[in-house]
Amino acid sequence: MRFDSLETFLKDGASALAKGPVAIVFAEDLIEVDTCVRHHLSLGFKSLILLGPDTITLPPAVELKVHRVVYDTRAPNMLTNAVNALIAAAPGIWMYYCYNAEYLFYPFCENRTVGDMLIFHTEERRFGMLTYVVDLYAGDLGDAPNAVSLEDAHLDKSGYYALGRSTVDGPKERQLDFFGGLRWRFEEHMPATRRRIDRIAIFKSQKGLELREDHTFNMEEYNTFSCPWHHNITAAIGSFRTAKALKSNAGSAFDIETFRWHNSIEFEWHSQQLLDLGLMEPGQWF
């Protein structure tokens, strides 16, 4: 179904929020919207809400499975405004959010649904899941000047690190700031507030929960990477978003001839590669 605004969707599209997990996709432009939507539908989300310009075109078979919402994805605070409105409208269900040209991977996602994973995660009394945003980029920018190529996608196999997350009161328990990928290698082109690659992209909504602009939540336990007793499942989002931005921004586009370096490898589009690289882990889920 199509809705002319988020307000109309919240009024007339409540059935899409009746049962989770729900995927929320923000289309900032028209690049790889179709493949992003198809990928997340294949993971078993009960509903998929696509927010973006009305000019997006999807194949009819895909269109029938998606709730389209006309939304200004270039407006300030557009993501937090929408996610927080959806949280308030539907407490108690699992949600996931991403941008176009991003692709969720979790352990064993090739043969287990996202619902299967979240049943286990709930049994472990976890209500948020840490996801690493792994930068993807075209291997040949001559063939793909916008840096997006699913057939020639690459990622960094190393160069990732974490620092303790601190406040004026001291370090936060079980919270880390993660860095790496293009945001680390080309940090001179990235504002300091945009260099982290961690995102609590999968979470269970509840009354009073709010997403903040730095991709953390106002309830601190949601921002932890594991429970106090053992490691939990983490996931990864393969994302062309940073590569797109670096090649479309006039301040960086002409300074970058290639994103490849000695630690670049081809992306295999399989969860096992991300597990082997340590970019996500199964926790106690086997």
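The rules behind the values
Residues numbered from 1 in each chain as written. Predicted model: local features only at pLDDT ≥ 70, side-chain atom pairs only at ≥ 80, totals over all residues. Heavy atoms only, no water. Pairing = 2+ DSSP bridges. Helix = DSSP H or I, 4+ residues; strand = E, 2+ residues; numbered from the N terminus. Disulfide = S-S within 2.5 Å. Buried < 20%, exposed > 50% of the residue type's maximum accessible area, 1.4 Å probe, protein only. Polar contact = N/O pair within 3.5 Å; in protein donor to acceptor, adjacent residues only side chain to side chain. Contact = heavy atoms within 4.5 Å. Axes fitted to C-alpha atoms, helices over the stretch in contact; angles between N-to-C directions. Salt bridge = Lys/Arg side-chain N within 4 Å of Asp/Glu carboxyl O.

1. Quick word on the sheet that holds strand β9 (residues 153-156)
(1) Moving on: The strand order β8-β9-β14 describes an open sheet built from three strands, whose pairing is antiparallel. If you trace the sheet from one side to the other, it starts and ends with β8 (137-138) and β14 (264-266), each paired once.
(2) Moving on: Sheet topology places β9 next to β14; three bridges connect them, and they run antiparallel. Residue His 154 lies in a different strand from β14, and its bridge partner there is Glu 266.

2. A look at the state of the cysteines
(1) Moving on: The final tally for this structure, using the stated rule, is zero disulfides.
(2) Moving on: As a non-bridged cysteine, Cys 98 has Cys 36 as the owner of its nearest cysteine sulfur, 4.1 Å distant.
(3) Moving on: The thiol of Cys 109 is unpaired, and the distance to the nearest cysteine sulfur, on Cys 98, comes to 14 Å.
(4) Moving on: Residue class for Cys 109 comes out buried when judged on its relative accessible area of 11%.

3. A word on the side chain of His 40
(1) Moving on: Within the fold, His 40 resides in helix α2 (residues 33-42).
(2) Moving on: A distance of 3.3 Å separates a polar side-chain atom of His 40 from the backbone nitrogen of Leu 104.
(3) Moving on: Among residues more than four places away in sequence, those in contact with His 40 are Phe 45, Leu 48, Tyr 96, Cys 98, Glu 102, Tyr 103 and Leu 104.

4. Digging into the sheet that holds strand β1 (residues 2-3)
(1) Moving on: A sheet is described by the order of its strands in space; here nine strands give the open sequence β1-β4-β3-β2-β5-β12-β7-β13-β6, paired in mixed fashion. Both edges of this open sheet fall to β1 and β6 (102-105), since each of them pairs with a single strand only.
(2) Moving on: Across four bridges, strand β7 (residues 128-135) lies against strand β12 (residues 198-204) in antiparallel orientation. Residue pairing for β12: Gly 128 is matched across the bridge by Phe 203.
(3) Moving on: Helix-sheet contacts for helix α4 (residues 78-89) involve β2 (22-26), β3 (47-52), β5 (94-99) and β12, and the interaxial angle to β5 is about 165°.
(4) Moving on: Against the sheet, helix α5 (residues 114-123) touches β5, β7 and β12, its axis set at about 130° to β7.

5. So, α5
(1) Moving on: Among the residues making up α5, those that are buried are Val 114, Gly 115, Met 117, Leu 118, Phe 120 and His 121.
(2) Moving on: Structurally, α5 contributes buried residues whose contacts are with β5, β7 and β12.
(3) Moving on: Positive backbone phi, at 60°, marks Arg 125, one or two positions downstream of α5.

6. So, the pattern of salt bridges
(1) Moving on: According to the stated counting rule, one finds 17 salt bridges in the structure shown.
(2) Moving on: Arg 241 serves as the salt-bridge partner of Glu 28, at 2.7 Å between the closest nitrogen and oxygen. Within this pair, whereas Glu 28 is found in the loop between β2 and α2, its partner Arg 241 is found in helix α7 (residues 241-248), the two being separated by 213 residues in sequence.
(3) Moving on: Here Arg 241 falls in the buried class, since its relative accessible area comes to 18%.
(4) Moving on: Linking Asp 29 and Lys 244 is a salt bridge whose minimum nitrogen-to-oxygen distance equals 2.9 Å. With Asp 29 in the loop between β2 and α2 and Lys 244 in helix α7, this pair connects stretches of sequence that are 215 residues apart.
(5) Moving on: By relative accessible area, which is 7% here, Lys 244 ends up buried.
(6) Moving on: The network of salt bridges with common partners includes Arg 2, Asp 54, Glu 63 and Arg 68.

7. What to know about the side chain of Glu 28
(1) Moving on: By relative accessible area, which is 14% here, Glu 28 ends up buried.
(2) Moving on: At 2.7 Å, the side chain of Glu 28 and the side chain of Arg 241 are in polar contact.
(3) Moving on: With residues near it in sequence (within four places) discarded, Glu 28 still touches Thr 73, Arg 74, Met 78, Tyr 99, Asn 100 and Arg 241.

8. Here's the deal with the pairing of strand β4 (residues 67-70)
(1) Moving on: Relative to β4, β1 is paired through two bridges, and the arrangement is parallel. When the sheet's bridge partners are listed, Arg 2 is paired in β4 with Arg 68.
(2) Moving on: Here β3 pairs with β4 via four bridges, running parallel. The partner of Leu 50 across the bridge, within β4, is Arg 68.

In short, the description is geometric, and any link to function would need to be established separately.
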